[in-house]
Amino acid sequence: MKVAILGTGSVGSALGIRWGDAGHSVVFGSRSPQGENVKQLVARCGGRAVACSLREAIPGADAIVIAVPWGAARETLSHLGDLTGRTLIDCTNPLLADLSGIELGHSTSAGEQIATWAAGANVVKAFNSASAKVMFNPQFGEHRATMFYCGDDAAAKLVVRQLIEDIGFDPVDAGPLTSSRYLEPLAMLYIHLAFRQGFGGNCAFKIMKR
Ligand SMILES: NC(=O)c1ccc[n+]([C@@H]2O[C@H](COP(=O)([O-])OP(=O)(O)OC[C@H]3O[C@@H](n4cnc5c(N)ncnc54)[C@H](OP(=O)(O)O)[C@@H]3O)[C@@H](O)[C@H]2O)c1
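This write-up is about the structure you can find in this document.

### With respect to the pattern of salt bridges
Step number 1: Tallied over the entire structure, the rule returns six salt bridges.
Step number 2: For the salt bridge of Lys125 with Glu184, the shortest nitrogen-to-oxygen distance reads 2.7 Å. A residue pair is termed long-range when its members are at least 10 positions apart, and Lys125 in strand β6 (residues 122–126) and Glu184 in helix α7 (residues 180–196) qualify at 59 residues. This pair shows no difference in class: Lys125 is buried, exactly as Glu184 is.
Step number 3: Across the pair Asp170 and Lys206 runs a salt bridge whose closest N-O atoms are separated by 3.1 Å. Within this pair, whereas Asp170 is found in strand β10 (residues 170–173), its partner Lys206 is found in the segment after α7, the two being separated by 36 residues in sequence.
Step number 4: The exposure class of Lys206 is partly exposed, given its relative accessible area of 34%.

Below is the structure:
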């Protein structure tokens, strides 16, 4: 697949490197595609990546990943043009600046908000409930960490499920995009456990079933 990743920070880097390893071609959309950090990131993707502007990253991509801070999501989307029918993966969490909580919830979510800003796109929430560290390696002994995803378009969800599997997570379909209202507070629980309860960024959620 060809995956466009908007944002070259912790999440964008982890996903790009892992998808590059898995054989996908990766296009990083960046505010500074010629920057030294971005060049180093591209070099780490084993010849399977390029970097360009946000808008240039979009054409031909099977999936577009928005991996920017919540506060920059709307502006980032405003650079992209028409996203009708495109698969848009939303990794954001609507965190307060001091990480003490989230600014949306219960009756809406960042996932739903992004769907209104990216009108016509098939938004799938994913990669928001584990750390970038875990994205580099979701294997915990014999267990694969769970990665929840949700969205309203079945075909887009299949693409995202595949991309989740391709980097080694156990994908769990959490239902429609409104389930972002549950997945974003789950990410807040993750952050609370990681940074306030001493778990650190090398822990992950795992759903068990019998
Ligand atoms: N870190 C995690 O473990 C983690 C896990 C799950 C979900 N998330 C969520 O995923 C999203 C990305 O997180 P991250 O940790 O990758 O963030 P980050 O390390 O701060 O990187 C964000 C990237 O977004 C781009 N960007 C665009 N507009 C920006 C702006 N106004 N200010 C700063 N950066 C801007 C930048 O890339 P360019 O300079 O190339 O444009 C930047 O490198 C966030 O919404 C976060 O809540 C994070």
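### Some points on the sheet that holds β6
Step number 1: What the eight strands build is an open sheet, ordered β3-β2-β1-β4-β5-β6-β9-β10; its pairing is mixed. Where the open sheet ends on each side, the last strands, each with one partner, are β3 (49–52) and β10. Going from strand to strand, the sheet's axes swing by 25° on average, the running direction of each strand aside.
Step number 2: Pairing of strand β4 (residues 63–66) with strand β5 (residues 87–90), which is carried by three bridges, proceeds in the parallel orientation. Bridge assignment links Ile66 to a residue of β5, and that residue is Asp90.
Step number 3: The sheet strands contacting helix α2 (residues 36–44) are β2 (25–29) and β3, and the helix crosses β3 at an angle near 160°.
Step number 4: Packing of α7 onto the sheet brings it into contact with β5, β6 and β9 (146–151), and relative to β9 it is tilted by some 145°.

### What about the packing of aromatic side chains?
Step number 1: One pass over the structure, following the stated rule, counts three aromatic pairs.
Step number 2: A ring pair is formed by Trp70 and Trp117, whose centres lie 5.4 Å apart and whose planes are at 25°; its orientation type is stacked. Taken as a pair, Trp70 in helix α3 (residues 70–78) and Trp117 in helix α4 (residues 110–117) lie far apart in primary sequence, 47 residues in all.
Step number 3: On the accessibility criterion, Trp70 (12% relative accessible area) is buried.

### Side note on the side chain of Ser109
Step number 1: Looking at the secondary structure, you find Ser109 in the loop between β5 and α4.
Step number 2: A polar side-chain atom of Ser109 sits 2.6 Å from a polar atom in the side chain of Glu112.
Step number 3: The residues contacting Ser109, other than those within four sequence positions of it, are Leu104, Leu177, Ser180, Arg181 and Glu184.

### Let's talk about the site of the ligand
Step number 1: Close to the ligand lie 22 residues; Thr8, Val11, Ser30, Val68 and Ala132 are nearest.
Step number 2: Ser10 is positioned such that a nitrogen or oxygen atom in its backbone is 3.0 Å from an oxygen atom of the ligand.
Step number 3: In the complex, 72% of the free accessible area of the ligand, which totals 880 Å², lies under the protein chains.
Step number 4: Counting only elements with at least two residues in the shell around the ligand, the list comes to α1 (10–21), α3 and α5 (132–136).
Step number 5: Partitioned by chemical class, the residues of the shell around the ligand number twelve nonpolar, nine polar and one charged.

### Describing α3
Step number 1: Of all the positions in α3, only Trp70, Ala73, Thr76 and Leu77 are classed as buried. The arc that holds every buried residue of α3, seen down its axis, measures 90°, which confines them to one face. The exposed set on the far side of α3, more than 90 degrees from its buried face, consists of Gly71, Arg74, Glu75 and Ser78.
Step number 2: Contacts from the buried residues of α3 go to β1 (2–6), β4, β5 and α4.

Quick notes on the rules
- Residues numbered from 1 in each chain as written.
- Predicted model: local features only at pLDDT ≥ 70, side-chain atom pairs only at ≥ 80, totals over all residues.
- Heavy atoms only, no water.
- Salt bridge = Lys/Arg side-chain N within 4 Å of Asp/Glu carboxyl O.
- Helix = DSSP H or I, 4+ residues; strand = E, 2+ residues; numbered from the N terminus.
- Buried < 20%, exposed > 50% of the residue type's maximum accessible area, 1.4 Å probe, protein only.
- Pairing = 2+ DSSP bridges.
- Axes fitted to C-alpha atoms, helices over the stretch in contact; angles between N-to-C directions.
- Contact = heavy atoms within 4.5 Å.
- Phe/Tyr/Trp six-rings, centres within 6.5 Å; stacked < 30°, edge-to-face > 60°.
- Polar contact = N/O pair within 3.5 Å; in protein donor to acceptor, adjacent residues only side chain to side chain.
- Near = heavy atom within 4 Å.
- Areas by Shrake-Rupley, 256 points an atom, 1.4 Å probe, with all protein chains shown as cover.
- Nonpolar A, V, L, I, M, F, W, Y, C, P; charged D, E, K, R; others polar.
- Arc of directions from axis to C-beta.

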